[in-house]
Amino acid sequence: MNQERLMQVLLAPQISEKATYVAEKNDQVIFRVATDATKPEIKAAVELLFKVEVESVQVANVKGKVKRFKGATGRRKGWKKAYVCLKAGQEINFVEGGNA
């Protein structure tokens with residue numbers, strides 16, 4: 001895996017109520033990732049960018065919502081999210097930027 005590819009795998013952290021709850025309870029961080037990203041690529045990208053050790057990665061494909069506008073139906077784009085479980089003692093803090 002080259003570094004250029006790893007820099008393009010992670011798109012953004014997913015910050016929501018559910019993500020905060022999961023982070024506190026299970027020591028996991030949720031990221032929005034590229035749709036063609038694999039688990040090993042996600043793990044390597046998180047370790048490279050945030051200088052932390054990753055224990056495991058779970059991936060979920062989120063389907064886009066069906067929306068209507070003036071009678072015409074359309075569909076929002078689907079996306080992929082990754083639940084990254086960090087090893088004990090590791091932490092990523094997005095408020096301060098980087099690891100704490």
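I will try to describe carefully the structure that is included in this document. Computed from a predicted model, the values in this text were never measured in an experiment. (Residues numbered from 1 in each chain as written. Predicted model: local features only at pLDDT ≥ 70, side-chain atom pairs only at ≥ 80, totals over all residues. Heavy atoms only, no water.)

1. As for the packing of aromatic side chains
Argument step 1. According to the stated counting rule, one finds one aromatic pair in the structure shown.
Argument step 2. Over the ring of Trp79 we find Arg32; its NZ or CZ atom is 3.8 Å from the centre of that ring. (Phe/Tyr/Trp six-rings, centres within 6.5 Å; stacked < 30°, edge-to-face > 60°. Lys NZ or Arg CZ within 6 Å of the ring centre and 35° of its normal.)

2. Notes on helix H3 (residues 39-50)
Argument step 1. Spanning twelve residues, H3 covers 16 Å between terminal C-alpha atoms, matching the ideal 16 Å at 1.5 Å per step.
Argument step 2. Taken together, the buried positions of H3 are Glu41, Ile42, Ala45, Val46 and Phe50. Projected down its long axis, H3 carries its buried residues within an arc of 130°, all on one side.
Argument step 3. Where H3 is buried, its residues touch helix H1 (3-9), strand E1 (10-13), strand E2 (28-33), strand E3 (54-62) and strand E6 (79-86). (Helix = DSSP H or I, 4+ residues; strand = E, 2+ residues; numbered from the N terminus. Expected span 1.5 Å × (residues − 1). Buried < 20%, exposed > 50% of the residue type's maximum accessible area, 1.4 Å probe, protein only. Arc of directions from axis to C-beta. Contact = heavy atoms within 4.5 Å.)

3. Thoughts on the sheet that holds E3
Working definition: the strands of a sheet are paired by backbone hydrogen bonds and lie parallel or antiparallel to each other.
Argument step 1. Taken in spatial order, the four strands line up as E1-E2-E6-E3 in an open sheet, and their pairing is antiparallel. Only two strands of the sheet have a single partner each, and these edge strands are E1 and E3. Neighbour to neighbour, the strand axes of the sheet diverge by 30° on average, direction disregarded.
Argument step 2. Sheet analysis places E3 next to E6, joined by eight bridges and oriented antiparallel. The residue of E6 that forms the bridge with Asn61 is Lys80.
Argument step 3. In the packing of helix H2 (residues 17-26) onto the sheet, the strands contacted are E2 and E6, and the crossing angle to E2 comes to about 140°. (Pairing = 2+ DSSP bridges. Axes fitted to C-alpha atoms, helices over the stretch in contact; angles between N-to-C directions.)

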